[in-house]
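Analysis of the macromolecular model
As a plain string of letters, each chain reads:
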Amino acid sequence: MNKQWHNYFIYLLAFSSGFSIMGIELLGGRILAPYFGSSVHVWGSIITVFMLSLSLGYLFGGRLSLHRPSLQKYGRIFLFAGITLLPLAYFATPILDLVFDNIEDSRYGSLTASMLLFFVPTIILGMISPYSVRLLVTNEAESGHVAGVLYFVSTLGSALGTLATSFYLVLWFEVNTIIFTYCLLLISLGLMAMVVNKMEVKDAQVPLQS
């Protein structure tokens, strides 16, 4: 894979991560609504948890990118993100039952439930953007431009993920089905990145063998 297609591939993955983040955030409102309603403080809890998680993810992703960045490690981030989302489908109900039974105030109940359900997977998803920038930047002079394009692509994915999930997916499918779809998407992209990494390593070794 040449450099141009390598970059396009990373932009595609960054777009997909942005799409998934906002889709999952919107599903958070549907998941919590039967227990805590859909008032402004419930959405405030969800948004707070996602913003906090993403900020930590940006920090951890930036630190991770300092240590021999590669598509192999990049793919693992997607893989772990998809895996940590699976408990949303299997354990959301018992977790929400437990929180609802023990915290009477819906403000703190929704905040606690949001932390338990979304904190870890959103941190991992937040690691993708800074790691993407590190893989794309080849010299300091381009860093600002590359970061701008990357965040444009990622945010565009978030916008389309918001529309697709809120306008169509929640009308056509059950919440758990959508969650499984996002999990499958992230895991597939992670595996794809790892395969592409092996192809690039193999291509790089060919001249040495000739």
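Now for a look at the structure at hand. (Residues numbered from 1 in each chain as written. Predicted model: local features only at pLDDT ≥ 70, side-chain atom pairs only at ≥ 80, totals over all residues. Heavy atoms only, no water.)

As a further point, take the overall build of the protein. Within the protein one finds seven helices and zero strands. Listing each helix as α and each strand as β along the protein from the N terminus yields α-α-α-α-α-α-α. For 210 residues, the compact-globule estimate of 2.2 N^0.38 gives 17 Å, and the protein sits close to it at 19 Å. The principal-axis extents of the C-alpha atoms in the protein amount to approximately 70 × 30 × 30 Å. Put simply, of all contacts in the protein between residues at least 6 apart along the chain, 84% involve residues at least 24 apart. Of the roughly 11,200 Å² of accessible surface on the protein, a fraction of 68% belongs to carbon and sulfur atoms. (Helix = DSSP H or I, 4+ residues; strand = E, 2+ residues; numbered from the N terminus. Rg over C-alpha atoms; globule rule 2.2 N^0.38 Å. Contact = heavy atoms within 4.5 Å. Areas by Shrake-Rupley, 256 points an atom, 1.4 Å probe, with all protein chains shown as cover.)

Here the phi dihedral of Arg-68 falls at roughly 45 degrees; this positive angle occurs in a residue that is not glycine. Residue position: Arg-68 is located in the loop between helix H2 (40–64) and helix H3 (71–102).

Moving on, we get to the pattern of salt bridges. Opposite charge on two side chains lets them pair, provided their charged atoms get close. Under the counting rule described, the total for this entry stands at one salt bridge. Of the charged contacts in the structure, one is a salt bridge between Arg-107 and Asp-105, with a shortest N-O distance of 2.7 Å. Its relative accessible area of 42% is what places Arg-107 among the partly exposed residues. (Salt bridge = Lys/Arg side-chain N within 4 Å of Asp/Glu carboxyl O. Buried < 20%, exposed > 50% of the residue type's maximum accessible area, 1.4 Å probe, protein only.)

Our focus in this paragraph is the nonpolar core. Counting 54 residues, the largest nonpolar core has Ile-24, Ile-31, Leu-32, Tyr-74, Leu-117 and Phe-118 as its most contacted members. Sorting the residues of this core by element identifies helix H1 (3–36), H2, H3, helix H4 (106–126), helix H5 (128–136), helix H6 (143–172) and helix H7 (175–209) as the ones contributing at least two each. With twelve residues, H1 is the single largest residue contributor to this core. Setting aside residues no more than four positions away along its own chain, Leu-117 makes contact with Ile-31, Leu-32, Leu-88, Ala-92, Ile-95 and Leu-96. (Core = buried A, V, L, I, M, F, W, Y, C linked by side-chain atoms within 4.5 Å.)

Take the environment of Glu-104 next. On the secondary structure map, Glu-104 appears in the loop between H3 and H4. Expressed as a C-alpha distance, the spacing of Glu-104 and Leu-64, which sit 40 residues apart in the sequence, is 40 Å.

Here we come to the environment of Ala-147. Structurally, the position occupied by Ala-147 is in helix H6. Sequence-wise, Ala-147 and Ser-166 are 19 residues apart; in three dimensions their C-alpha atoms are separated by 28 Å.

This part covers the packing of aromatic side chains. For any two aromatic rings, the description comes down to two numbers: the centre-to-centre distance and the angle of the planes. According to the stated counting rule, one finds 14 aromatic pairs in the structure shown. Arranged with centres 6.3 Å apart and planes meeting at 55 degrees, the rings of Phe-19 and Tyr-182 form a pair that is tilted. Of this pair, Phe-19 sits in helix H1 while Tyr-182 sits in helix H7, and the two are 163 residues apart along the sequence. Look at Tyr-182 and you get buried, because its relative accessible area is 3%. Between Tyr-35 and Phe-100, the aromatic rings sit 6.0 Å apart at their centres with planes inclined by 70 degrees, giving edge-to-face as the arrangement. In this pair, Tyr-35 sits in helix H1 while Phe-100 sits in helix H3, placing the two residues 65 residues apart along the sequence. (Phe/Tyr/Trp six-rings, centres within 6.5 Å; stacked < 30°, edge-to-face > 60°.)

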